[in-house]
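Residue strings, one per chain:
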Amino acid sequence: MKAISDLIKRPTFISIVFITLVGLGIPLIVYQLFTSGPSGSLGITIEIIFFLALFGLLVIDRFLLTNINNKKLSVIEVILITGYLANYYFTHDHSFSIG
């Protein structure tokens, strides 16, 4: 219970993104379990692996939060994510499209 209250009392950028994506993703996975055909299991597996990677980032985030100030950690996370997105944009023909 302390871990959940810690997420609410001391949120960071990654914890907010994690809570939002899990809150939207769990109902989606449940819906896909009941409506998809036999070929839909790969998509569900990929989504679960994505959630496990997000959970790993959340664990690292909570560990860093004990050592670094809350606001400093949020600023560092936003700078890293913005830097990654800028790098992706400039190295992929000035586009965010996947295809």
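Scroll up to find the structure.
Reading the values: rules and limits
- Residues numbered from 1 in each chain as written.
- Predicted model: local features only at pLDDT ≥ 70, side-chain atom pairs only at ≥ 80, totals over all residues.
- Heavy atoms only, no water.
- Phe/Tyr/Trp six-rings, centres within 6.5 Å; stacked < 30°, edge-to-face > 60°.
- Buried < 20%, exposed > 50% of the residue type's maximum accessible area, 1.4 Å probe, protein only.
- Helix = DSSP H or I, 4+ residues; strand = E, 2+ residues; numbered from the N terminus.
- Polar contact = N/O pair within 3.5 Å; in protein donor to acceptor, adjacent residues only side chain to side chain.
- Contact = heavy atoms within 4.5 Å.
- Core = buried A, V, L, I, M, F, W, Y, C linked by side-chain atoms within 4.5 Å.
- Axes fitted to C-alpha atoms, helices over the stretch in contact; angles between N-to-C directions.
- Parallel < 35°, antiparallel > 145°, perpendicular 65-115°, else oblique.
- Left-handed = near helix turned anticlockwise from the far one by under 90°.
- Nonpolar A, V, L, I, M, F, W, Y, C, P; charged D, E, K, R; others polar.

(A) Up close: the packing of aromatic side chains. In total, this model carries three aromatic pairs according to the counting rule given. Here the aromatic rings of Phe-50 and Phe-51 are separated by 6.2 Å at their centres, their planes lie at 45 degrees, and the arrangement is tilted. Summarising the aromatic geometry, the rings of Tyr-89 and Phe-90 are spaced 5.2 Å apart at their centres and angled 75 degrees between planes, so their arrangement reads as edge-to-face. For Tyr-89, a relative accessible area of 29% translates into the label partly exposed. Classification of Phe-90 as exposed rests on a relative accessible area of 56%.

(B) Here's a closer look at the side chain of Glu-77. Inspection of the secondary structure puts Glu-77 in helix H4 (residues 70-91). At 3.1 Å, the side chain of Glu-77 forms a polar contact with the backbone nitrogen of Ile-14. With sequence-adjacent residues up to four places away left out, Glu-77 is seen in contact with Thr-12, Phe-13, Ile-14 and Asp-61.

(C) Structural detail: the nonpolar core. Formed by Leu-7, Phe-18, Ile-29, Ile-44, Phe-51, Leu-54 and Leu-58, the largest nonpolar core amounts to seven residues. The biggest single contributor to this core is helix H3 (residues 41-67), with four residues. Contacts of Leu-54, omitting those with residues within four sequence positions, involve Phe-18 and Leu-21.

(D) Examining unusual backbone geometry more closely. For Asp-93, which is not glycine, the phi dihedral falls at a positive 55 degrees. For Asp-93, a relative accessible area of 71% corresponds to the exposed category. Within the chain, His-94 stands out as a residue other than glycine whose phi angle is a positive 50 degrees. Along the polypeptide, His-94 turns up in the segment after H4.

(E) Fine view of the packing of H3 against H4. Here H3 crosses H4 at 135 degrees, and the two axes come no closer than 8 Å. Our classification of the angle between H3 and H4 gives oblique. Where H3 crosses over H4, the two elements pack in a sense that is right-handed. Facing H3, whose interface residues are Asp-61, Leu-64 and Leu-65, H4 presents Asn-70, Leu-73 and Glu-77. Here the residues of the contact of H3 with H4 are counted per class, giving three nonpolar, one polar and two charged.

(F) View of the side chain of Asp-61. Summarising the element assignment, Asp-61 is placed in helix H3. Ignoring sequence-local partners within four residues, the contact set of Asp-61 consists of Thr-12, Ile-14, Ser-15, Leu-73 and Glu-77.

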